[in-house]
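Here's the letter readout for the chains.
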Amino acid sequence: MKQIDVALGDRSYPVLIESGLLARAAEHLAPLAAGHPLAIVADQDVAQHLATFTTSLDSAGVKWRAMTVPAGEASKSWTTLAQVCDQLLAWGVERRDLVIALGGGVIGDLVGFASAILKRGARFVQIPTTLLAQVDSSVGGKTGINTAAGKNLVGAFHQPELVLIDPRVLDTLPDRELRAGYAEVVKYGLIDDFAFFEWCERNGAALLTGDTAAREAAIAHSVAAKARIVAADEFETNGTRALLNLGHTFGHALEAEAGFDGSLLHGEAVAAGCALAFDFSAAQGLCPAQDAERVKAHWRSVGLPDGLAPTGLRASGARLVEHMRHDKKASGGNLPFLLARGIGRTCLDRTVDLGAVEAFLDRQG
Ligand code: NAD
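Residues numbered from 1 in each chain as written. Predicted model: local features only at pLDDT ≥ 70, side-chain atom pairs only at ≥ 80, totals over all residues. Heavy atoms only, no water.

## Notes on the environment of Gln-3
Then, number 1: For Gln-3, the position within the fold is in strand E1 (residues 2-6).
Then, number 2: Using a relative accessible area of 48% as the deciding quantity, one classes Gln-3 as partly exposed.
Then, number 3: On a C-alpha basis, the gap between Gln-3 and Glu-18 in space is 9.0 Å, while along the polypeptide they are 15 residues apart.
Then, number 4: Within polar-contact distance, the side chain of Gln-3 engages the side chain of Asp-5 at 2.9 Å. (Helix = DSSP H or I, 4+ residues; strand = E, 2+ residues; numbered from the N terminus. Buried < 20%, exposed > 50% of the residue type's maximum accessible area, 1.4 Å probe, protein only. Polar contact = N/O pair within 3.5 Å; in protein donor to acceptor, adjacent residues only side chain to side chain.)

Structure (structure tokens):
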């Protein structure tokens, strides 16, 4: 088993990664639960994994209650948040009790936020079941929901006490979701780890077609990278954590244009967004054009969109820049852009001319 520690002082916690871990989860949860029943909130489409998990709890004599939430981004809403909080309160969950989020990033964000506000902060554990959630959203303590004004605009920093990652649950994940999560894996290489990008070029295809060792290695490497970044900047105040948003300024604009209806998955938008960030950097003379080409070639080789055209969106530069202005990271009219000097050499630029971005996007059609 691989263990990666997220070092955050008295909020530190381990991330455990092992194939088959879900069936042995009780070993790790019983000591934390200290005799109190677990409150499980699961994605309704991961029933098979919920059954594996609760069988492990039953055989270890750990008590539990479970509720399910409809699959999909629409569950990151005020309505579902209220339903989850009401159910946790009806069960009599106290601060000392463990709330378990079993599902992808939607469940992790929603249940993490419910835990953050329940009785001013209940303990919670992440058991992520998508590749995206395993390599990104389950680690770092960002929780929240979407509102009419936009995505993730209401939320809290609330760290889990433990993250249990079983790569075997990915066997049931649809290919398209797996590929979308893979974009976030490659992102760590693009940010500051050229050797890992090369590893992805060699192993990405095997990982996507079911190579367990490659999956475990990629997840562990990604979690370690995320843990390092979060430990350096837990509350996103010194610019380090912002590096994780590589591809997100362009990507969020694409997601907003697509309308969050499932036609463009978050990871697909991140892949296209990274391609655009590298192409824009190359157009500005910041990054060698061959690096941008190499990133796009990798996306194509694994079936991810390598720019605006493959997303099928037909939006003008002006419209996409308008979406960017609504991004929550825009402050004082300036948008921080993550650009690249090369693969593994990301830099934050707060002085990007949005007119140049608009003209660049208009050339992408
Ligand atoms: P998701 O949770 O919607 O899961 C994707 C789909 O896969 C869903 O239909 C779900 O039912 C299904 N699913 C989950 N696990 C499965 C399994 N093992 N087998 C079969 N089907 C399974 O989406 P996601 O991509 O995991 O997460 C996206 C969310 O994560 C977005 O809301 C995004 O804002 C958020 N996010 C948060 C952070 C953070 O730091 N908190 C970081 C990145 C993304």
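## Concerning the environment of Arg-176
Then, number 1: Relative to the assigned elements, Arg-176 resides in helix H6 (residues 175-192).
Then, number 2: A sequence separation of 128 residues divides Arg-176 from Leu-304, and the C-alpha atoms of the two residues are 9.1 Å apart.
Then, number 3: With near-sequence residues (within four places) excluded, Arg-176 lies in contact with Gly-262, Ser-263, Leu-264, Leu-265 and Glu-268.
Then, number 4: Here Ser-263 takes part through its backbone oxygen, which lies 3.0 Å from a polar atom of the side chain of Arg-176. (Contact = heavy atoms within 4.5 Å.)

## Digging into the pairing of strand E2 (residues 13-17)
Then, number 1: The element E2 is extensively covered by neighbouring structure, given that four of its five residues are classed as buried.
Then, number 2: Here E1 pairs with E2 via five bridges, running antiparallel. Across the sheet, the residue bridging to Val-6 is Tyr-13, located in E2.
Then, number 3: The hairpin turn running from E1 into E2, its antiparallel successor, is six residues long, and Gly-9 in that turn takes a positive phi close to 60 degrees.
Then, number 4: In this structure, E2 lies alongside strand E9 (residues 162-165), joined through three bridges in parallel fashion. Looking across to E9, one finds that Val-15 is bridged to Val-163. (Pairing = 2+ DSSP bridges.)

## Considerations on the nonpolar core
Then, number 1: Grouped together as the largest cluster of nonpolar side chains are 78 residues, with contacts concentrated most on Tyr-182, Leu-190, Phe-250, Trp-299 and Val-357.
Then, number 2: When residues of this core are sorted by domain, at least three fall in each of domain 1 (2-172) and domain 2 (175-362).
Then, number 3: Once you skip the residues sitting within four places of it in the chain, Val-357 turns out to touch Phe-250, Phe-280, Val-321, Met-324, Phe-337 and Val-352. (Core = buried A, V, L, I, M, F, W, Y, C linked by side-chain atoms within 4.5 Å. Domains from an automatic or database assignment.)

## Concerning the layout of surface pockets
Then, number 1: The calculated volume of the second largest pocket comes to roughly 320 Å³.
Then, number 2: Forming the walls of the second largest pocket are 18 residues, and the residues nearest its centre are Ala-149, Gly-150, Lys-151, Ala-256 and Phe-260.
Then, number 3: The set of elements that each furnish at least two residues to the lining of the second largest pocket consists of strand E7 (142-147), strand E8 (150-157), helix H9 (248-258) and helix H12 (317-325).
Then, number 4: In terms of residues, the lining of the second largest pocket owes the most to one element, H9, which gives four residues.
Then, number 5: Two domains each provide a minimum of three residues to the lining of the second largest pocket, namely domain 1 (2-172) and domain 2 (175-362). (1 Å grid on protein atoms, 1.4 Å probe; cavity = no way out; pocket = protein on both sides within 12 Å on 5 of 7 lines; lining within 4 Å. Points joined across faces, edges and corners; volume = space filled by probe spheres on them.)

## Quick notes on the pattern of salt bridges
Then, number 1: Here the structure, examined in full by the defined rule, presents 24 salt bridges.
Then, number 2: One salt bridge in this structure joins Glu-73 and Lys-76, with 3.8 Å as the shortest N-O distance.
Then, number 3: On the accessibility criterion, Glu-73 (27% relative accessible area) is partly exposed.
Then, number 4: By relative accessible area, which is 4% here, Lys-76 ends up buried.
Then, number 5: Across the pair Lys-76 and Asp-109 runs a salt bridge whose closest N-O atoms are separated by 2.8 Å. Taken together, the positions of Lys-76 in the loop between strand E4 (64-69) and helix H3 (78-90) and Asp-109 in helix H4 (residues 105-117) put the pair 33 residues apart, joining distant regions of the chain.
Then, number 6: For Asp-109, a relative accessible area of 13% puts it in the buried group. (Salt bridge = Lys/Arg side-chain N within 4 Å of Asp/Glu carboxyl O.)

## Thoughts on the domain arrangement of the protein
Then, number 1: Domain annotation of the protein identifies domain 1 (2-172) and domain 2 (175-362).
Then, number 2: Each of domain 1 and domain 2 has a C-alpha centre, and the two are 26 Å apart.
Then, number 3: Residue-level contacts link 30 residues of domain 1 with 29 residues of domain 2.
Then, number 4: Of the roughly 2600 Å² buried at the junction of domain 1 and domain 2 (both faces included), carbon and sulfur atoms supply 66%.
Then, number 5: Three residues, Leu-131, Val-135 and Lys-151, lead the burial of domain 1 against domain 2; their summed loss comes to 23% of the area buried on that side.
Then, number 6: A salt bridge links Glu-255 to Lys-151; the shortest N-O distance between them is 3.8 Å.
Then, number 7: Broken down by secondary-structure element, the contributors of at least two residues to the side of domain 1 that touches domain 2 are E1, E2, helix H5 (131-137) and E8.
Then, number 8: Tallied by class, the residues present in the side of domain 1 that touches domain 2 amount to 15 nonpolar, seven polar and eight charged. (Buried area = accessible area lost by both parts, 1.4 Å probe. Nonpolar A, V, L, I, M, F, W, Y, C, P; charged D, E, K, R; others polar.)

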